[in-house]
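Take a look at the letters that make up each chain.
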Amino acid sequence: MESITIQRVTLEEITKLQEIGINTFCEAFAHLNSHQDMQQYLDQSFSIDKLTTELTEKDSQIYFALLDERVIGYLKINLGEAQTEKQDNDALEIERIYVLKEFHGQKVGQILYQKAVELADEIRAPYVWLGVWEENHRALRFYEKNGFTPFGKHAFWLGSDEQTDLMMKKILPVASGL
């Protein structure tokens, strides 16, 4: 595979963000959820207004994974008050890592994850945490392989369907003095 680059998303790229967000979420979850619940979630989570808010939030950052100039995946991280569920002011939350299905198994997710770890290292975060749907076995294996362990659960609403996310964290070397 040619070289993948990681680039921070700007407001001028909001329609690309909307497109990759909808496409990757549908690829991952449409077959496991009702059309109505999916549509309600997509309308709420990937509207231009919602994405504008995310892109202008000072404690959130979104990055594209690019192959040539094609967006093939993205990463969203949150710090401080922007965390979806407040954990620790100094912790970094990975809210989303999504990659187009045709690029699964080609290390794109790993490259995006490494970007999140680099950002966590820059701010000397004691740990990185995330929530992952308990039925998303591929993602669970990915995070376990990268050293994440469960520490709790929380509810995630997909439309009218209450689902359970496992909350996972990885303690970073800076926190343990390594």
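In what follows, the structure referred to is the one given above.
Enquirer: Lay out the pattern of salt bridges in plain terms, naming residues and giving numbers.
Expert: Counted under the stated rule, the structure contains six salt bridges. Between Lys 50 and Glu 54 there is a salt bridge; the shortest N-O distance is 3.2 Å. In this pair, Lys 50 and Glu 54 both sit in helix α3 (residues 48-56), four residues apart, roughly one turn of the helix. One connected set of salt bridges, linked through shared partners, spans Lys 50, Glu 54, Lys 76, Glu 95 and Arg 96.

Enquirer: Kindly report on unusual backbone geometry, identifying the contributing residues and their values.
Expert: A positive phi angle, close to 60°, is found at Asp 68, a residue other than glycine. Its place among the elements puts Asp 68 in the loop between β2 (60-67) and β3 (70-79). Here Asp 68 falls in the exposed class, since its relative accessible area comes to 56%. Unlike most non-glycine residues, Arg 124 shows phi in positive territory, near 60°. Looking at the secondary structure, you find Arg 124 in the loop between α4 (108-122) and β5 (127-133).

Enquirer: Kindly report on the packing of helix α1 (residues 14-29) against α3, identifying the contributing residues and their values.
Expert: Relative to each other, α1 and α3 sit at 110°, their axes nearing to 10 Å. Judged on the interaxial angle alone, α3 and α1 are roughly perpendicular. The hand of the α1/α3 crossing is right-handed. Side by side, α1 and α3 meet where Ile 14, Thr 15, Leu 17 and Gln 18 of the first sit next to Ile 48, Leu 51, Thr 52 and Leu 55 of the second. In terms of residue class, the contact of α1 with α3 is made up of five nonpolar, three polar and no charged.

Rules used throughout
Residues numbered from 1 in each chain as written. Predicted model: local features only at pLDDT ≥ 70, side-chain atom pairs only at ≥ 80, totals over all residues. Heavy atoms only, no water. Salt bridge = Lys/Arg side-chain N within 4 Å of Asp/Glu carboxyl O. Helix = DSSP H or I, 4+ residues; strand = E, 2+ residues; numbered from the N terminus. Buried < 20%, exposed > 50% of the residue type's maximum accessible area, 1.4 Å probe, protein only. Axes fitted to C-alpha atoms, helices over the stretch in contact; angles between N-to-C directions. Parallel < 35°, antiparallel > 145°, perpendicular 65-115°, else oblique. Left-handed = near helix turned anticlockwise from the far one by under 90°. Contact = heavy atoms within 4.5 Å. Nonpolar A, V, L, I, M, F, W, Y, C, P; charged D, E, K, R; others polar.

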